[in-house]
Amino acid sequence: MPVSIVIGSQWGDEGKGKIVDLLSPDVDIVARYQGGANAGHTICWDDEEFVLHLVPSGVFHDGVTCVIGNGVVLDPKAVIDEIQKIEDLGFPVEGRLKISHNAHLIMPYHKAIEAAQEASRAEASDDDAIGTTGRGIGPSYTDKFARTGIRVVDLLDRDVLRAKLTRSIEEKNAILKQIHGADQLDVDAIIEEYVAFDQQIDPYVTDTSEYLCNALDDGKRVLAEGAQGSLLDVDFGSYPFVTSSHPTAGGCCTGLGVPPTAVDRVIGIAKAYCTRVGNGPFPTELHDAAGERLRKVGAEFGATTGRPRRCGWLDLVALRYTSMINGFSELTITKMDVLSGLDELKVCTQYRYDGKTTRRFPSEAQTLERVEPLYETLPGWDEDITDARHISELPSEAQDYLDFISDYLRVPVGMVSIGPRRDQIIPLADTAPAA
Ligand code: GDP
Ligand code: IMO
Ligand code: MG
């Protein structure tokens, strides 16, 4: 299996970090292909819990090389701090992490512009703000595609960096002042700060596409780690309430520089219910005690921003759509344990809009806002399932719930997660790691 991809199939926070960590012992390389420090991927073992934002979730396994690909937007300070924290825990990073020379950098002006843009959207109406993570993601990708960005490789040449930074900061200061009426940034202070990153970043920088393609030629196995979720994809999500990258399967090839023919396994991660952080349409959102219960039992608070996550029932119309565009070869269902204790479970199987029922997912925000979710009700179960390690140990209602999902989507469920820890996993397919 040359390249496997782990992809969030909903609005992010599906438990990708846990699953990537679990699959890591079976691969040689784990690679992030898009997004940046907007991601928060949680890994729990024994009594430890660690949230990774930029370093791939394979870093806690000896013998795994981690790659931050060209498609990622890199906050140099955030990655340096994260490396330090991981090393403080006793896991060496130098020599095991490679950062693409072509990855674009997040600069202080990206965060300042994002804050100003969000403030002016919120001023127009609370519903207009996207509810971004404030990590500078959108403005950094904007610069990348406007061909005005600054890349990791530029950090390694002080003269080039100074020249590019001076031009960029002056331009961004004009935008901040004239369009947003916001504070000006100090050109010299930013240059000083970024020039000093060169030595810290230098040991990690390489042509990661070449490294990955050579590794694949040598028979090495690569696990590509998606961030965010398919419904936040800039093309396939409910634009403009999306992130600025491609978490979907195609993003893996452009974000790593590996050929599509190398990909032979696409693992969709889905929560047994749905959550979303930030604004945007969410058809199955619950505004009542049931939603509150999911948030409380599922500890649904953002791993990056700490914001409460919006919670709702499982949406199979949405999941069918993301399964279609990603071509999931299997699904991992996470957080099944959170559903224990509910008498009944609702699952959205159709939408109604414009007087018609449909299984089509309309990704445009204005339509998705108007759809009415139509539910089937399935029986719940009472038992605590966090100690189950085999499918036969799950109550029959839980098994039926999984079968219902798999039958609707026509995609097999390869693993079921029943708690945050590494050992809390039920393998269903031959390809799943043993608990
Ligand atoms: P990611 O962004 O997709 O990696 O997911 P996050 O780390 O942001 O959020 C998932 C949260 O659920 C984390 O706190 C995980 O520790 C936790 N988690 C993962 N799988 C399970 C599970 O099966 N059951 C429970 N109760 N928690 C889980
Ligand atoms: P992981 O990898 C959940 C959401 C933000 C906002 C929108 C745009 O942990 O699953 P951005 O800062 O990217 O411009 O914000 O996307 N968002 C996430 N939601 N999980 C994430 O990452 C997210 N990364 C961004 O809340 O709605
Ligand atoms: Mg997360």
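Everything discussed here concerns the structure shown above.
An account of the accompanying structure is given in this report. Just so you know, these numbers come straight off a predicted model, no measurement behind them. (Residues numbered from 1 in each chain as written. Chains lettered and ligands numbered in written order. Predicted model: local features only at pLDDT ≥ 70, side-chain atom pairs only at ≥ 80, totals over all residues. Heavy atoms only, no water.)

### Comments concerning the overall build of the chain
Phase 1 of the analysis: Scanning the chain for helices and strands turns up 14 helices and 20 strands.
Phase 2 of the analysis: In terms of C-alpha radius of gyration, the chain reaches 22 Å, essentially the compact-globule figure of 22 Å for 435 residues.
Phase 3 of the analysis: Here the chain holds 435 residues, and the buried ones make up 56% of them.
Phase 4 of the analysis: Within the chain, residue pairs in contact and separated by at least 24 positions form 75% of the contacts whose partners lie at least 6 positions apart.
Phase 5 of the analysis: About 17,900 Å² of surface is accessible on the chain, with carbon and sulfur atoms providing 47% of the total.
Phase 6 of the analysis: Averaged over its 42 positive side-chain charges, the chain has a centre that lies 4 Å from the centre of its 68 negative ones. (Helix = DSSP H or I, 4+ residues; strand = E, 2+ residues; numbered from the N terminus. Rg over C-alpha atoms; globule rule 2.2 N^0.38 Å. Buried < 20%, exposed > 50% of the residue type's maximum accessible area, 1.4 Å probe, protein only. Contact = heavy atoms within 4.5 Å. Areas by Shrake-Rupley, 256 points an atom, 1.4 Å probe, with all protein chains shown as cover. Lys, Arg positive; Asp, Glu negative; His and termini not counted. Charge placed at Lys NZ, Arg CZ, Asp CG, Glu CD.)

### Brief notes about the pattern of salt bridges
Phase 1 of the analysis: What the rule picks out here adds up to 21 salt bridges.
Phase 2 of the analysis: In this structure, the salt-bridge partner of aspartate 28 is arginine 221, at a minimum N-O distance of 3.6 Å. You can see aspartate 28 sitting in the loop between α1 (16–23) and β2 (29–32) and its partner arginine 221 sitting in the loop between α9 (208–217) and β10 (222–225), a full 193 residues away along the chain.
Phase 3 of the analysis: Judged by its relative accessible area of 35%, arginine 221 is partly exposed. (Salt bridge = Lys/Arg side-chain N within 4 Å of Asp/Glu carboxyl O.)

### Structural notes on the side chain of glutamate 114
Phase 1 of the analysis: Structurally, glutamate 114 is set in helix α3 (residues 108–124).
Phase 2 of the analysis: There is no salt bridge for the buried glutamate 114, and the closest opposite charge comes from arginine 121, which lies 7.2 Å off by N-O distance.
Phase 3 of the analysis: In this structure the side chain of glutamate 114 is engaged in a polar contact, spanning 2.9 Å, whose partner is the backbone nitrogen of glycine 134. (Polar contact = N/O pair within 3.5 Å; in protein donor to acceptor, adjacent residues only side chain to side chain.)

Don't take any of this as a statement about function, it's just geometry.
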